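Each chain, letter by letter, is given below.
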Amino acid sequence: MKKVAVGATVICAAAVCAAAALAVRQRMKSSGKWAKAMGILKEMEEKSGTPLGKLRQVADAMTVEMHAGLASEGGSKLKMLISYVDNLPTGDENGLFYALDLGGTNFRVLRVRLGGKEQRVIKQEFEEVSIPPELMTGASDQLFDYIAEALAKFVATEGDGLHHAPDRQRELGFTFSFPVKQTSIASGSLIRWTKGFKIEDAVGKDVVAELTGAIERKGLDMHVAALVNDTVGTLAGGRYDDPDVIAAVILGTGTNAAYVERALAIPKWHGPLPKSGEMVINMEWGNFRSSHLPFTEYDEALDAESLNPGEQIYEKMISGMYLGEIVRRVLYRMAKEAAFFGDTVPEKLAKPFTLRTPDMSAMHQDTSPDLKVVASKLKDALGISNTSLKMRKAIVELCDIVTTRGARIAAAGIFGIIKKLGRDTVKEEDKQKTVIALDGGLYEHYTKFRECLEDTIKELLGSEVAETIVIEHSNDGSGIGAALLAASHSQYLEAADESQ
């Protein structure tokens, strides 16, 4: 009996030892995987670094590209497009005007009643409409017919105080937020699509003619008075509110910047000099690229697999369309190479663009002690459940790395514009205020992005100059701005001028 008992004890001890050894091996394996995942995260952090010196190099490169783009067509990665807007709104604008704002996965139709300097914006109404994904890559007529139909429905809802004069055509400002070769205030041919659109038969065509054709097919009596880029519209809206606005930046699904340039500083401008001596330049800065940008393997892969490889590099690093996708790509590598989410890679994580920037923003800004929002977003967006707090903290850290990089290099671009205009120093006799109007969902809704951007601009400017630079949120600047530019370029205004 004793021998049996001793034997049983030995077997039990051996089993316990084996189980303990297995547990140790699993812990070692698990800690090895964790270390590998953290190594991937650390590498991303190092490659995404944006020290002040690097940001100054990015800003200088932006300024150099601006000069080159103004000197000649095709002389720079920046198109530096002439907008034909040489007179920004003054506040004297009067009447009922429409705007159509097409710039991403949604478009907006808007009407506004303007009452001159005394009453300003008396009343405004708008509607937002989603664009079905198939229309983003279909035929030009299909997209513009869909837009014209929504516009006709909106016009049919004109109510009290928002009826147009019966003896006049309705007039519309068309905000079209894609690269266009403008040929006048109300005509311009599409250079290329961005932000996920790829409608081949529209490239090279006059987008005002395309919209006008669709409006006529719907039997709507409406005249397109102004074609503007969303950023030019934001600049117009910002100037209407504040005469010190000299530039506008959009940070939303995509990104762009526009600013007021001296006409004499535009060598490629061959027309008569505008009376104002100024011209609004649409930079198309999303296409900026520089060896100084902290470009990683994830950016390289994202670009290679995109609809427009080699283009819009800056946009792919800083805009709302792409930030969530960069985070997904890093998480996918962590899952694949370090089993971050277990032995199998979550199916949804392998699919591009399943993690949207609004989800990333919600995770990044989760203040709950156990990061409940992170857990919820991982489950809803990526089908990932049962994550530990430690894992959720690592994901928040990754969101912070990607957002900080994007916000800081966006700030460097703004600093580049400020430098180009000579507003980066303070002259004792001239402490003029410089206002930059900002708009876009990324800037408006992603608080950590916005705060990092504004702090970085101050850091680059230094405390003394920072006191003269103001960043202002121009809410819905692109919609209101287009309506304002339709008012300042009204066909009836021109007729009145000719009769005097």
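All figures in this text were calculated on a predicted structure; none of them were measured in a lab.

Draft legend 1. Broad picture of helix H4 (residues 140-155). Here H4 spans 22 Å end to end across 16 residues, near enough to the 22 Å set by a 1.5 Å rise per residue. Within H4, the full set of buried residues consists of Ser140, Leu143, Phe144, Ile147, Ala148, Ala150, Leu151, Phe154 and Val155. Projection of H4 onto a plane perpendicular to its axis shows the buried side chains occupying an angular sector of 160°, all on one side. On its buried face, H4 is in contact with strand E2 (94-102), strand E3 (106-115), strand E4 (121-130), strand E5 (170-176), helix H5 (207-217) and strand E8 (222-228).

Draft legend 2. Main features of the environment of Glu200. Looking at the secondary structure, you find Glu200 in the loop between strand E7 (187-190) and H5. Remark: the alpha-carbon pair of Glu200 and Thr137, spanning 63 residues in sequence, is separated by 7.9 Å.

Draft legend 3. Here's a closer look at the nonpolar core. Counting 86 residues, the largest nonpolar core has Leu251, Met283, Trp285 and Leu453 as the members making the most contacts within it. Element by element, the count of residues in this core is highest for helix H12 (residues 389-420), at 17 residues. If we skip the residues at most four places from it in the chain, Met283 touches Met62, Met66, Leu78, Lys79, Met80, Asn256, Ala257, Ala258, Tyr259 and Ile417. By size, the runner-up hydrophobic cluster in this structure holds 37 residues, among which are Leu100, Phe144, Phe176 and Val224.

Draft legend 4. Representation of the sheet that holds strand E1 (residues 81-82) in the model. Pairing is mixed in the open sheet, where six strands are placed in the order E1-E11-E10-E9-E12-E13. Every interior strand has two partners, whereas the edge strands, E1 and strand E13 (469-473), have only one. Pairing between E1 and strand E11 (residues 278-282): two bridges, direction antiparallel. Residue pairing for E11: Leu81 is matched across the bridge by Asn282. Contacts between helix H6 (residues 230-241) and the sheet are confined to strand E9 (245-251), strand E10 (255-262), E11 and strand E12 (434-439), with E9 contributing the most and set at about 135° to the helix. Across the sheet, helix H14 (residues 447-461) is in contact with E9, E12 and E13; its angle to E13 comes to roughly 165°.

Draft legend 5. Structural context of the packing of aromatic side chains. Inspection of every chain in the model, using the stated rule, returns 15 aromatic pairs. Consider the rings of Tyr84 and Trp269, whose centres lie 5.8 Å apart with planes at 70°: the pair is edge-to-face. You can see Tyr84 sitting in the loop between E1 and E2 and its partner Trp269 sitting in the loop between E10 and E11, a full 185 residues away along the chain. Pairing Phe107 with Tyr146 gives two aromatic rings, centres 6.2 Å apart and planes at 85°, and the pair type is edge-to-face. Of this pair, Phe107 sits in strand E3 while Tyr146 sits in helix H4; the two residues are 39 residues apart in sequence, bridging distant segments of the chain. Taken together, the ring pairs connect Phe174, Phe176, Phe178, Trp193 and Phe197 into an aromatic cluster.

Draft legend 6. Structural context of the packing of H12 against H14. Where H12 contacts H14, the two axes come as close as 8 Å, and the packing angle between them is 45°. In terms of orientation, H12 and H14 fall into the oblique class. Judged by the twist between their axes, the crossing of H12 over H14 is right-handed. Counted together, Thr403, Thr404, Gly406, Ala407, Arg408, Ala410, Ala411, Ala412, Ile414, Phe415 and Ile418 of H12 and Phe449, Cys452, Leu453, Thr456, Ile457, Glu459, Leu460 and Leu461 of H14 form the full contact between these two elements.

Draft legend 7. Looking closely at the packing of helix H7 (residues 297-304) against helix H9 (residues 323-338). At their nearest, the axes of H7 and H9 sit 10 Å apart, and the two run at 115° to each other. If you check the angle between H7 and H9, you find them roughly perpendicular. For H7 against H9, the interelement crossing comes out right-handed. The segment H7 lies against H9, with Glu297, Tyr298, Asp299, Ala301 and Leu302 engaging Glu325, Ile326, Arg329, Val330 and Arg333. Looking at the contact of H7 with H9, its residues break down into five nonpolar, no polar and five charged.

Parameters and conventions
- Residues numbered from 1 in each chain as written.
- Predicted model: local features only at pLDDT ≥ 70, side-chain atom pairs only at ≥ 80, totals over all residues.
- Heavy atoms only, no water.
- Helix = DSSP H or I, 4+ residues; strand = E, 2+ residues; numbered from the N terminus.
- Expected span 1.5 Å × (residues − 1).
- Buried < 20%, exposed > 50% of the residue type's maximum accessible area, 1.4 Å probe, protein only.
- Arc of directions from axis to C-beta.
- Contact = heavy atoms within 4.5 Å.
- Core = buried A, V, L, I, M, F, W, Y, C linked by side-chain atoms within 4.5 Å.
- Pairing = 2+ DSSP bridges.
- Axes fitted to C-alpha atoms, helices over the stretch in contact; angles between N-to-C directions.
- Phe/Tyr/Trp six-rings, centres within 6.5 Å; stacked < 30°, edge-to-face > 60°.
- Parallel < 35°, antiparallel > 145°, perpendicular 65-115°, else oblique.
- Left-handed = near helix turned anticlockwise from the far one by under 90°.
- Nonpolar A, V, L, I, M, F, W, Y, C, P; charged D, E, K, R; others polar.

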